[in-house]
Amino acid sequence: MIIRNAWKQILYDKYNSMILWAALVIGFLFPLLAVNDINDVIRDGEVAKYEDASKISVLEYLVTSKIGEEEMEASIIRCQEEGMFQKAGYSVCLSEIVYSHGRSYSCSISGISKEYLSLAGYELIEGAFFSDEDYAADGENVCLLSYRSALQEQNIRVGDLIEILGESYRVKGIVRAPRAYGSVFLPYGAVSFSVSSGSPLGMQYQIITYGERKGTPMLLAKKVFPFLDSESGVSAAQTGEEQEEWYYGSMWEVNRYRVLRAILVAAFAGVSLALLFAGMILRGRYDMAVRIALGAGRGKVLMESAVRNILLMCIAFLTALILYPCFTAVVSGAGSHLLFRTVVQVGLTGTVFIILINSAVFFAGFRKRDIATLLKG
C-alpha cells in the first residue's frame with residue numbers, strides 16, 4: 001500500500017518528478033566516476049599482489065639482441081628439473097608500431113607464456129584469455145589489450161583487428177595487468193619477435209618463479225640465464241616482497257593526485273546530492289501537511305515520503321548506470337569499466353542519504369509544529 005501510494009504521488013506530480021529525476025541522474029554520474037576512479041587504483045593494487053610473496057622471485061634481464069627461444073626454453077626446463085622452482089612464466093617485451101582503424105600507435109608488445117598469464121595475476125575485464133590452440137598457433141592470430149592502454153582508450157574493443165609487423169591480430173580480450181610489461185599481449189611461441197630494420201631493440205625477459213627458492217634471486221638468475229654475459233646486466237632480480245614494496249610505493253606516488261581529485265569530486269557531489277534530497281522533501285511539505293490534516297498518521301506520511309524519494313532515486317540511479325559508459329567516454333576519452341563495488345557503494349550511500357535526510361527534515365518540520373501553520377506556510 002505504501003509503495004503504491006508513493007508511486008501514485010510520483011505520477012501525479014509528474015513534471016516535478018521528471019525534473020528531480022534528471023537532477024538526480026546528473027548528481028549520480030559524478031560520484032560514480034569519482035568513486036570508480038578510487039576503486040580502480042585499489043583494484044590495481046589487489047590484482048598486482050602475489051598470493052605468497054615469500055615464495056616469489058622476479059628475474060629481469062634487459063638485452064639488445066634476440067635470445068634463441070630454444071636456448072631459453074631448454075634453460076628453464078633444466079632448472080625446473082633440478083628442482084629450483086615448481087612453476088615459471090616468462091615474457092619478452094619490445095616496442096613496435098601498431099595500426100588500427102587507420103591510425104598508428106607506438107606500443108609495447110609482450111609475448112607471454114601460458115604460465116606467466118596466471119602467475120602475473122591478470123584479471124579479465126572483457127572477452128577471453130588465450131587458449132591452448134592460441135599458443136599452438138592453431139587458427140587466427142589473437143592478442144589481449146591492457147585495460148587503460150592507448151589502444152583500449154581509443155575504443156578498440158574485443159573482436160577488432162590490429163596490425164603488428166605486417167600481420168593482423170584479432171583482439172580476444174581486455175585484461176587488467178597493472179604490473180605486467182606491455183599494452184598488447186601475444187601468445188609466446190606462436191609469433192616470432194624479429195628485430196625490424198636490422199637495428200637492435202631492447203628486449204626484456206621476465207621470469208616469475210613460484211616455489212621454494214634455493215639461494216638468492218641473483219643466484220637463481222645466473223642459473224636460469226647462463227648464456228647471458230655480464231655486460232648484458234641484471235635489470236632486476238628481486239624477491240616478491242622487494243618488488244611489492246617498490247611497486248606499491250611507486251603506484252601510490254603516481255596515483256596520489258588521481259585519488260585526491262576523485263575524493264574532492266565525490267565530496268562535492270555528496271553535498272550536492274544531500275541538498276537535492278533535502279529540497280525534494282521540503283518541496284513536499286505542503287502535500288504532507290494536507291495528508292496529516294485529513295487524518296493520515298505522521299509515521300505513514302514519513303514512510304511514503306521516504307519510499308517516494310527512494311523510488312525516484314532508484315530510477316535515476318539505474319539511468320545513470322546505463323549512461324555511465326557514454327558519460328565517461330565524453331569526460332575521459334574512453335568508456336570506463338564500472339566496478340561492481342562502485343555500484344554498491346554509491347547506491348547504498350544514496351539510499352542512506354535519503355533515509356537520514358528524509359527523517360531529519362520531517363521531524364524538524366512536523367514533530368512539534370502546528371499543522372495549520374505548515375499549511376499556511
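Predicted, not measured: the structure shown is a model, and the values here were computed from it. (Residues numbered from 1 in each chain as written. Predicted model: local features only at pLDDT ≥ 70, side-chain atom pairs only at ≥ 80, totals over all residues. Heavy atoms only, no water.)

What follows concerns the overall build of the protein chain. Within the protein chain one finds 12 helices and 10 strands. Each of the 377 residues in the protein chain was classed as buried or not, and the buried ones make up 45%. Counted over contacts in the protein chain with a minimum sequence separation of 6, partners at least 24 positions apart contribute 80%. Of the roughly 18,900 Å² of accessible surface on the protein chain, a fraction of 60% belongs to carbon and sulfur atoms. (Helix = DSSP H or I, 4+ residues; strand = E, 2+ residues; numbered from the N terminus. Buried < 20%, exposed > 50% of the residue type's maximum accessible area, 1.4 Å probe, protein only. Contact = heavy atoms within 4.5 Å. Areas by Shrake-Rupley, 256 points an atom, 1.4 Å probe, with all protein chains shown as cover.)

Relative to strand β3 (residues 103-112), strand β2 (residues 87-100) runs antiparallel, the two sharing 10 bridges. By the bridge assignment for β3, V98 is matched with Y105. In textbook terms, the turn of a hairpin is the stretch between consecutive antiparallel strands, and for β2 and β3 this stretch comprises 2 residues, one of which, H101, has a positive phi near 55 degrees. (Pairing = 2+ DSSP bridges.)

In terms of nonpolar packing, the biggest core is built from 20 residues, with L24, F28, L32, F277, A320 and V346 touching the most fellow members. Ignoring sequence-local partners within four residues, the contact set of F28 consists of L273, M313, F317, A320, V346 and G350. Formed by 19 residues, the second largest nonpolar core is a distinct cluster that contains Y116, A177, A180 and I208. (Core = buried A, V, L, I, M, F, W, Y, C linked by side-chain atoms within 4.5 Å.)

The phi dihedral of H101 falls on the positive side, at around 55 degrees, and the residue is not glycine. Residue position: H101 is located in the loop between β2 and β3. Residue classification places H101 among the exposed residues on the basis of a relative accessible area of 55%. A positive phi angle, close to 70 degrees, is found at R148, a residue other than glycine. Among the secondary structure elements, R148 is positioned in the loop between β5 (142-146) and α6 (150-153).

Mapped onto the secondary structure, Q238 falls in strand β10 (residues 234-239). Measuring from C-alpha to C-alpha, the distance between Q238 and M218 comes to 7.6 Å, with 20 residues separating the pair along the chain. Dropping the residues within four chain positions of it, Q238 is found in contact with I56, S57, V58, P217 and Q243.

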